[in-house]
Each structure stands twice: as structure tokens, then as C-alpha cells.
Amino acid sequence: MVFCTNCGNKNGDSAVYCSNCGQKLQKISDDQNETLKSQSQSEPQVSHGENELLQEMINVTWKSGLTNRKTLYFTDKNLYVAEGSFLTGGMGFAFGGIIGHYVEKKSLSDREKAARTMNFKEMAARNSNVITIPYNEIINVVMGKKRMLLAPSIKVETTSADYTFIVMDYNKYKQFQQSIPLILGDKVIVE
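Below: a short report on this structure. Keep in mind that this is a model prediction, so the values were computed, not measured. Starting afresh in each chain, residues are numbered from 1 along the sequence in its written order. Thresholds applied to this predicted model are a pLDDT of at least 70 for local features of residues and 80 or more for the giving and counting of side-chain atom pairs; totals over whole chains, interfaces and linings are not thresholded and use all residues. Water and hydrogen atoms play no part in the side-chain values, which are based on all heavy atoms of the structure.

1. A few points about the overall build of the chain
So, point 1. Secondary structure is summarised from DSSP: a helix means a run of H or I of at least four residues, a strand means a run of E of at least two, and numbering begins at the N terminus for each. Looking only at helices and strands, the chain has four helices and 10 strands in total.
So, point 2. With 191 residues in all, the chain has 43% of them scored as buried.
So, point 3. Residue contacts follow a heavy-atom distance rule, with two residues in contact if any of their heavy atoms lie within 4.5 Å. Put simply, of all contacts in the chain between residues at least 6 apart along the chain, 51% involve residues at least 24 apart.
So, point 4. The Shrake-Rupley method, run with a 1.4 Å probe, gives the accessible areas here. Residue values count only the displayed protein chains as cover. In the form shown here, the chain has an accessible surface area of approximately 10700 Å², with 52% of it arising from carbon and sulfur atoms. Relative accessible area decides the class of each residue, using a 1.4 Å probe on protein chains only: under 20% of the type maximum gives buried, over 50% gives exposed, and in between gives partly exposed.

What follows is the structure, encoded as C-alpha cells:
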């Protein structure tokens, strides 16, 4: 079990985000874990109801074209492909220098915080452009190598369609290569 450093909630060993408050989990020492465990037993827990819990969020584009930005939301039940932000993958810096870089970082931080409490089923119901991929329909996910000048790709093969994405958060790609296999298990191939 992993305990959240924000609220002390118990989470599964493979959890990336807290199932109670949505805080990104950190690996901590056993001593710190015991302290949080004792705190969590004395505080009431708040439930998020039937909402799916965000496990990982990756900013991508479709295989061709930088103008078609998407965000992959890996929850505890489904993968959602939804509209993304133009300000990802260094585009803020490219168009606005240091100020643009700051705006990009702030925008991504705000979007990640909002995603932690998002009702993904409702988002998909309201927007017909959102693609919902249940995990049981995923055959495999191939996480391509990060190459010198090329952004890495993620290929998702499902029972009904195949999707190829270019990762815009290339600085976080090593993190994604560790977190996605924890979410999807042996369906993930890391090149």
C-alpha cells in the first residue's frame, strides 16, 4: 500500500494518483509511510463516488500534424482521447520565449489539477469528439523509443481501431514508460 502525502489515504501499490484527493503520489520511505498510515486512521475519508480516477495524463498529437492536439487521460477503467491544448511540448517557449514557457507550464498545471476531479463519463457524453477506449478492448500499447530529434510515439491497438500519437510531453516520457505499464500491465510494450 502507498499512502498519500496530501490526505493520508491508502492507495494500491501501482497507483499514480490518490484515489481520495487526486494528488500525484510520491514514493516515500517506510518511516514516512507509517506516519501517514497512523494519520489516515484518525481522519475521515472523502469519496469521489463513481467517478473514474485519473492515473496518468499525456499531451499528444495525432501521428501527423501539430495542429491536432489531444490529451490522453488514463483512468482506472478507460483511456479517453480528448481535445488537448496548443500550449504543450515547448510550444509556449517557441512562440513566446520565457513568458510563453511560463504560461505553458501554468496552463498544464491547471489542466492536470482539473483532470484529477474530472467526471470523464460526463465529459465523453457531452462531447462526441471524445474517444472512450475501455481497457478490456486494448490489445496492446507500444511505447516507441525516444530518439535524438524525434518525439516518441504511442501506438494503441484495440479490437476495433488502431491509434498512433506523438508525445508532446517528451520531457516526461521516461515517467510515462513507467506509469503506463503499471496501469495496463502486460498489454504495454516499451521499446
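Back to the text.
2. Things to note about the nonpolar core
So, point 1. Nonpolar cores are built from buried Ala, Val, Leu, Ile, Met, Phe, Trp, Tyr and Cys residues. Side-chain atoms within 4.5 Å join them into one set. The biggest cluster of nonpolar side chains holds 22 residues, and the ones touching the most others in it are I58, F74, I180 and L184.
So, point 2. Here the element with the most residues in this core is helix α4 (residues 173–184); it accounts for five residues.
So, point 3. Leaving out residues up to four positions away in the same chain, L184 has contacts with F74, Y135, I138 and V141.
So, point 4. One finds Y73, A115, M123 and V130 within the second-largest nonpolar core, a separate group that totals 12 residues.

3. Focus: the side chain of T158
So, point 1. Among the secondary structure elements, T158 is positioned in strand β8 (residues 153–158).
So, point 2. The buried category is assigned to T158, whose relative accessible area is 5%.
So, point 3. Throughout this description, a polar contact denotes any pair of N or O atoms lying within 3.5 Å of each other; where both atoms belong to protein, one of them has to be capable of donating a hydrogen while the other can accept it, and for residues adjacent in sequence the pair is counted only when both atoms sit in side chains. From its side chain, T158 meets the backbone nitrogen of S160 in a polar contact 3.2 Å long.
So, point 4. At 2.6 Å, the side chain of T158 and the backbone oxygen of A161 are in polar contact.
So, point 5. Each residue touching T158, except ones within four places of it in the same chain, is listed here: I133, E137, I138, I139 and Y163.

4. Thoughts on the packing of aromatic side chains
So, point 1. Any two rings among Phe, Tyr and Trp, with Trp reduced to its six-membered ring, count as a pair given centres within 6.5 Å; such a pair is stacked if its planes are under 30 degrees apart, edge-to-face if over 60, and tilted if neither. Tallying each qualifying case throughout the model produces three aromatic pairs.
So, point 2. Here the aromatic rings of Y163 and F165 are separated by 6.3 Å at their centres, their planes lie at 10°, and the arrangement is stacked.
So, point 3. Judged by relative accessible area, Y163 falls into the buried class, the value being 16%.
So, point 4. Take F165: its relative accessible area is 0%, and that puts it in the buried class.

5. Observations regarding the pairing of strand β3 (residues 54–62)
So, point 1. The buried fraction of β3 amounts to eight of the nine residues, a majority that puts the element mostly inside the structure.
So, point 2. For two strands to count as paired, DSSP must find a minimum of two bridges between them. Two elements, β3 and strand β4 (residues 69–75), share seven bridges in a ladder whose sense is antiparallel. Pairing of E56 across the sheet is with F74, part of β4.

6. Remarks on the pattern of salt bridges
So, point 1. What makes a salt bridge here is a side-chain nitrogen of Lys or Arg within 4 Å of a carboxyl oxygen of Asp or Glu, nothing more. Under the defined criterion, the tally for this structure stands at two salt bridges.
So, point 2. Ionic pairing is found between K70 and E83, a salt bridge with its closest N-O pair at 2.7 Å. Within this pair, whereas K70 is found in strand β4, its partner E83 is found in strand β5 (residues 78–83), the two being separated by 13 residues in sequence.
So, point 3. Notably, a salt bridge pairs E122 with R126, separated by 3.5 Å at the nearest N-O pair.

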